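Examination of the molecular architecture
In case you want the letters, here they are:
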Amino acid sequence: MRRVKSVLLLSAITLGFSANAQQGIFYYVNTNQNFINSKTIDVKPTANGMVILNQCSDANYASHAVQVIELNKTMIKTSESIINIDKLHNISGFEKLSDGNYSVFANVNQNQFAPTQLTISAAYKDAGQKKFEDMNHNTFVSQVIVGQKIMALSTHSSEKGKFDIVLSRFDAANGAKEWTKKISSEPNESADAIVADNSGNVIVLGRKYNDNASEYIPILYKLNIDGNMIWKKSGVDMPSNFYSQTLSVSKNGDIYYACGLTQRTGVLQTKVIKLDGNGNQKRTSNLNEFTANGSLWLSSGKLLLFGSKFHTDAKQVVTKGAYIILDPDLGELSNKALAVDDKPDSDFKYNITTSSDLQVALEIEGGSVAIIGKVTMPQAGGNDKQNNTIVVVADAYGNYK
């Protein structure tokens, strides 16, 4: 969801930091005691730094709210806002409208999931919400701006136990909905992600289930800005036990698909596949002991994958935020994971090791990257845990320290 010329891509986006932006790890403890757990959903640049969109929850994950954190160019938190939405179930990403407000897509649980478009003011206050579709089920996945249009991807239920991939288009100036179309060609297809290429088309990633929903395979669609199908690719070469998948698109239109799976030995692995713009497979790579949550195509022509790795020590087994940088042919250039001598562990005398997971990323000026996620750590003055926001700033070579 990053802008390149007139197309906003899930690839490179630059921030107005200096070329030698400060490297390191930064974390931000939630100040609202009612919503102590944060999960990072999206990040956008601002003139003075970045704004992070989180879904935050209470201690029991029974109540949810929208959290917006603003950081300046030196990674100092300048504001934190909690926006209460009645019966909020989940949110996806957000897009900045031309009037300065933000459009956030959400599901509100009112006996059934109600697809809802939230409008967050430029000052990060709730400026309104509206239900825009009468559906008995909806799961928003992600969205992308193509020119002056927001393309929002979701999964709808057509009947009990049957699902379809649905694409909705909105005006990026004012957030007005223009149309909603079912794009899945068969029942039992669900949506995972959407990205745009430099030609103004979008690639949709989903999964196709068998009749009893016990197994599924990856499925890819390439669509134009009007939601019309250019091609469909079903059955990417992938075992049926994969549990996560993501994709990004390079400047020349190559598609980079990655998914996490568990080997028979129990070891986690991420498989990466490079396809051309027509969906033909060109190259593959296996990244062991790493789980990718997402990917980002960098302006340097490199692919950033971010997620987590298992960390085992004398205290416990936890996950630690991790990322890998690959060249265009999937050769490994950098492989990093947060360590126990990094923040926040190094700042406190914990009896446990913190757990972390990286969930979104953006590129900042000079080729550096900011990778954002959550860190699970003890609450102040007690042993109970909470999820706070963590940001890793690494240079163009992947070094954060």
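Described in the following lines is the structure provided in the data block.

Calculation criteria
Residues numbered from 1 in each chain as written. Predicted model: local features only at pLDDT ≥ 70, side-chain atom pairs only at ≥ 80, totals over all residues. Heavy atoms only, no water. Pairing = 2+ DSSP bridges. Helix = DSSP H or I, 4+ residues; strand = E, 2+ residues; numbered from the N terminus. Axes fitted to C-alpha atoms, helices over the stretch in contact; angles between N-to-C directions. Polar contact = N/O pair within 3.5 Å; in protein donor to acceptor, adjacent residues only side chain to side chain. Contact = heavy atoms within 4.5 Å. Phe/Tyr/Trp six-rings, centres within 6.5 Å; stacked < 30°, edge-to-face > 60°. Buried < 20%, exposed > 50% of the residue type's maximum accessible area, 1.4 Å probe, protein only.

The sheet built from four strands is open, its strands ordered β4-β5-β6-β7 with antiparallel pairing. Strands at the two margins of the open sheet, each flanked by one partner only, are β4 (37-46) and β7 (77-83). Each adjacent strand pair in this sheet contributes to an overall mean axis angle of 20°, direction not counted. Judged from the nine bridges that link them, β4 and strand β5 (residues 49-57) form a sheet pairing that is antiparallel. By the bridge assignment for β5, proline 45 is matched with methionine 50.

This part is about the side chain of serine 244. By the secondary structure assignment, serine 244 is in strand β20 (residues 244-249). Within the structure, the side chain of serine 244 is placed 3.5 Å from the backbone oxygen of alanine 292, a separation counted as a polar contact. Setting aside chain neighbours within four positions, we find serine 244 in contact with Arg207, Ala258, Cys259, Gly260, Thr291 and Ala292.

This part takes up the sheet that holds strand β24 (residues 291-297). Taken in spatial order, the four strands line up as β24-β25-β26-β27 in an open sheet, and their pairing is antiparallel. At either margin of the open sheet sits one strand with a lone partner, and together these are β24 and β27 (332-337). Averaged over all pairs of adjacent strands, the angle between their axes in this sheet comes to 25°, without regard to strand direction. In this structure, β24 lies alongside strand β25 (residues 303-312), joined through six bridges in antiparallel fashion. Across the sheet, the residue bridging to alanine 292 is glycine 307, located in β25.

Enumeration according to the criterion identifies five aromatic pairs in this entry. Note on phenylalanine 94 and tyrosine 102: the rings are 5.0 Å apart at their centroids and 25° apart in plane angle, and the pair reads as stacked. Of the two residues, phenylalanine 94 and tyrosine 102, both sit in the buried class. Considering the side-chain rings of tyrosine 102 and tyrosine 124, the 6.1 Å spacing of their centres and the 35° angle between planes classify their relative orientation as tilted. Taken together, the residues tyrosine 102 in strand β9 (residues 102-109) and tyrosine 124 in the loop between β10 (113-120) and β11 (126-131) connect sequence positions 22 residues apart. Here tyrosine 102 falls in the buried class, since its relative accessible area comes to 3%. Following the ring pairs from residue to residue traces out a cluster consisting of Phe94, Tyr102 and Tyr124.

Read these as layout, nothing more, since geometry by itself doesn't imply function.
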